[in-house]
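Understanding the architecture of this molecule
Next come the chains, spelled out residue by residue.
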Amino acid sequence: MAPLEDLAVVSNVCGAHLASIPFVEAIVGGRLLAAVGAKELLEGVPDGTVLPTLFLHRAASKADRILVPAGSVAEVAIALCGSDLVAFKRTRANRPHCAALANLGAQPLAEWDLGDDRLERTVLATGEAATAAFERGLNEWRVLIAAALNGLRKTALDLGVNYIKNRKAFGRTLSEFQAIQHRLADVSVAGDGADLLTFEAAWAADTNQPNAARLASYAFSFSSRTAFMTCREALQFHGGYGVTLEYDIQLYFRRAKAWPLTLGDVSREEQRAAALTFCGTEV
Amino acid sequence: MDFNVTDELAAHREKARRWADEHLDPAWAEYERTTGTHHIAELHRLLADQGWLGAGWPTEYGGTDNDAALAQAIFEEIRARHVLVEGWGATSLIANTLLHVGTEEQKELFIGGALRGETVIALGYTEPDSGSDVAAAKTRAVRDGDEWIINGQKMFTSTAQKSTHVFLLTRTSTDKPKHRGLTMFIVPLDDPGVSIQPIHTLGGQRTNATFYTDVRVPDSARIGGVDEGWPVMKVALVYERRGGGGGGSATARLLDEVAAWSQSTSREDGSSVFSDATVQQRLARAAIDAEVARLLALRVRWVQESGGLPGVEGSSAKLFGTESAQRAHWDLLDIIGDHAVLRREASSAPLGAAVEEAFRAGVVTTIYGGASEIMREIVAERTLGLPRTRA
């Protein structure tokens, strides 16, 4: 399998262009299937005809309706149900029952009803093996989404910088105002840090460092906050044009907030990071 | 990318600890803390006599055969025992600058003297009317035959009271743009025209105002060309900023201490301080920031190791490292609560008042070596390609 570090480079580029493909879910889902040796389910995955994804939250019961990233386009979704790692497969014929829900970031989000008996259910692993595979997959998701957010924030920063270099107000370009320069400098330095942190997290996962889970959490939290702040500042400096749909910055702004929310509240992820840092484990 | 940071000094740590056990007087740390003078003459002589100051330096300027890695481990061990050796910090910074810009004669004289422990050099840049706008310096140097006559005043000449020389930024031309009328000198502090007045600071450090009245130095004390002091300053500032506020390591240690304290300390309702979700979130954010600061400082090292002189990378590391450390200090005081205000002298001060002291000592870090606002402008200009706003 490709090193996570290489995949982070690709994910970064996908984020930079807001590519309309669920690259991260497809990669992480495929790697999860490969890790547990699910040969039949992997069929069609490497050539892209079958799209896998994963449930980011533990499925409490069969009746749960769960918001799934790439859920409206994926054929296979992997979930941790209790202590089982389960693949749910649907056919192209019954796809409409997982229709995309309109959302802030224009992502292919859909709710899957795990009680729907049209879903083919395969137990991939049980017990500790199941939990370990799921946790590893979720950490890969965190790192690759962080990489995508870093690409996104770099484009947003470039959009902001280009805009202020050309827009004039009060007889000079916006780029000459210190209030604007300083705020963009802050998000630029934080962005450099987010890039380094994410590549460190990918390296830690690839080389099985003991702190790999902690660094994945750090990279996800920090990149999420930095990407949104960068988009917010870049949009702000566009003035009124920033809120018009003609300008791309609004697309980046939406996705910067929406992407991390797939996992949930970033503050909760930071509390998890505190446990990983100071208790050595999740509490 | 390879993030494997092996402790290159690991093999030397034990020797360094033994050296410190044998030679370090526990009273020295207490002396530095109570006086705010971060230089111990006796220790400096010892380090010079045993060849540790000269370790790793070119032998033609007085470098010794001592193992440079062991020397570095010894310095780190000394600092870890709260003896800050700032006299050597400034002196080695100037010696490094001289390697780039000094004449052969100056390298032999000043680097040689520094490595023998005879020459200790303080930094003389800031003035009462110019800090971050360091190139606005007004201290005058006027040529008189083969000599220069210097008149003016410097602020924050730290460790001057223990130094033999000062690395002095002067104005030699008043009719040129400000960056093109500056000249650097190394000026002896025992000149009768020099006077040193103490200034005490929020962080507990004693620094100085230094006054220069008709101080005469030979032309050989001039570092770099006449009116070409700014390129010399730029080299010295790179060496000053490359530390990046310690790269987050001191903050990370403090966070570990406070986290452990918060896990073993109960609130009125019996719950541990750490069980508070807002405490966890503040600790995590500070820990993440400290890791980012470490990585930005690591990037500075990568640039150095590939033979480059880091510029904007150093400014970025300093900006993020110092600003995030201050944010951490503010939060850590809040987390500890009412007892956080107690000074070290109060026996019930949590963690020996480590946070209270770090809070006060950290304030200056976003000011010296170029304030954060200057670092932001350097990033805006060099990373983002935005126009220069400073004259």
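The coordinates are above.
Anyway, here's the lowdown on the structure attached to this text. (Residues numbered from 1 in each chain as written. Chains lettered and ligands numbered in written order. Predicted model: local features only at pLDDT ≥ 70, side-chain atom pairs only at ≥ 80, totals over all residues. Heavy atoms only, no water.)

Let us now look at the nonpolar core. With 104 residues, the main nonpolar core has L85, W141 and L197 of chain A together with L283 of chain B as its most contacted residues. In terms of residue count, the dominant contributor to this core is helix α4 (residues 127–166) of chain A (14 residues). Dropping the residues within four chain positions of it, L85 of chain A is found in contact with L32, V36, I78, A79, L80, T122, V123, L124, A125, A130, A133 and F134 of chain A. Counting 53 residues, the second-largest nonpolar core is a separate cluster that includes A16, A55, V232 and A236 of chain B. (Core = buried A, V, L, I, M, F, W, Y, C linked by side-chain atoms within 4.5 Å. Buried < 20%, exposed > 50% of the residue type's maximum accessible area, 1.4 Å probe, protein only. Helix = DSSP H or I, 4+ residues; strand = E, 2+ residues; numbered from the N terminus. Contact = heavy atoms within 4.5 Å.)

Of the residues lining the interface, 39 residues belong to chain B; the matching set on chain A comes to 35 residues. Between chain B and chain A, the buried area comes to about 3300 Å², and carbon and sulfur atoms account for 68% of it. Of all residues in chain B, the largest losses of buried area upon contact with chain A belong to F3, I288 and L384 of chain B, amounting jointly to 18% of the total for that side. Inspection of the chain B/chain A interface yields four salt bridges. (Buried area = accessible area lost by both parts, 1.4 Å probe. Salt bridge = Lys/Arg side-chain N within 4 Å of Asp/Glu carboxyl O.)

On to helix α5 (residues 178–206) of chain A. Residue and element names in this part refer to chain A. Taking 1.5 Å per residue as the helical rise, α5 with its 29 residues ought to reach 42 Å, and the 42 Å between its terminal C-alpha atoms agrees with that figure. In terms of residue burial, α5 counts as a mostly covered element, since 23 of its 29 residues are buried. Taken from the residues just after α5, N208 is the one with a positive phi, measuring 55°. (Expected span 1.5 Å × (residues − 1).)

Looking now at the pattern of salt bridges. Per the stated rule, a full pass over the model turns up 45 salt bridges over all chains. Where R299 of chain B meets D192 of chain A, a salt bridge forms, and the shortest distance between an N and an O atom there is 3.2 Å. Taken as a pair, R299 of chain B in helix α9 (residues 277–305) and D192 of chain A in helix α5 lie in two separate chains rather than in one. The pair formed by R299 of chain B and D192 of chain A is uniform in burial state, with each residue classed as buried. In this structure, E323 of chain B engages R376 of chain B in a salt bridge whose closest nitrogen and oxygen atoms are separated by 4.0 Å. Of this pair, E323 of chain B sits in helix α10 (residues 312–336) while R376 of chain B is found in helix α12 (residues 372–382), placing the two residues 53 residues apart along the sequence. One exposure class covers both E323 of chain B and R376 of chain B, and it is buried. In this structure, a network of salt bridges that share partners links the residues E30, R33, R344, E345 and E357 of chain B.

Residue and element names in this part refer to chain A. In the contact formed by α4 and helix α7 (residues 249–261), the axes pass within 10 Å of each other and the chain directions differ by 160°. In terms of orientation, α4 and α7 fall into the roughly antiparallel class. For the pair α4 and α7, the crossing hand works out as left-handed. Contact residues: α4 offers W141, I145, A148, L149, L152, T155, A156 and L159, while α7 offers I249, Y252, R255, A256, W259 and P260. Residue composition of the contact of α4 with α7, grouped by class: twelve nonpolar, one polar and one charged. (Axes fitted to C-alpha atoms, helices over the stretch in contact; angles between N-to-C directions. Parallel < 35°, antiparallel > 145°, perpendicular 65-115°, else oblique. Left-handed = near helix turned anticlockwise from the far one by under 90°. Nonpolar A, V, L, I, M, F, W, Y, C, P; charged D, E, K, R; others polar.)

Now for the packing of aromatic side chains. Two descriptors summarise a pair of aromatic rings, namely the distance from one centre to the other and the angle between the planes of the rings. All names here are of chain A. Counted according to the given criterion, the structure contains twelve aromatic pairs over all chains. A ring pair is formed by F55 and F88, whose centres lie 6.1 Å apart and whose planes are at 35°; its orientation type is tilted. Remark: F88 occurs in strand β4 (residues 84–89) and F55 occurs in the loop between β1 (52–54) and β2 (65–68); sequence separation between them is 33 residues. With relative accessibility at 0%, the residue F55 sits in the buried group. Since its relative accessible area comes to 2%, F88 is described here as buried. Aromatic ring contacts, followed pair by pair, group F55, F88 and W112 into a single cluster. The ring of F177 is capped by R172, whose NZ or CZ atom sits 4.1 Å from the centre of that ring. The aromatic ring of F228 is capped on one face by K257, whose charged end is 4.9 Å from the ring centroid. (Phe/Tyr/Trp six-rings, centres within 6.5 Å; stacked < 30°, edge-to-face > 60°. Lys NZ or Arg CZ within 6 Å of the ring centre and 35° of its normal.)

Moving on, we come to the environment of L276 of chain A. Positionally, L276 of chain A belongs in helix α8 (residues 266–278). Relative accessible area serves as the criterion here: at 14%, L276 of chain A is assigned to the buried category.

Residue and element names in this part refer to chain A. Following the sequence through the fold, F199 ends up in helix α5. By relative accessible area, F199 is classed as buried at 15%. Separated by 52 residues in the primary sequence, F199 and A147 place their C-alpha atoms 8.0 Å from one another.

Notably, L18 of chain A is not glycine yet its phi reads approximately 45°, a positive angle. Among the structural elements, L18 of chain A can be located in the loop between α1 (4–16) and α2 (23–35). Positive phi, normally seen in glycine, also occurs at F156 of chain B, with a value near 55°. Positionally, F156 of chain B belongs in the loop between β3 (147–155) and β4 (165–171). On the basis of relative accessible area, F156 of chain B is assigned to the partly exposed category, the value being 47%.

None of the figures reported here should be taken as evidence of function without further support.
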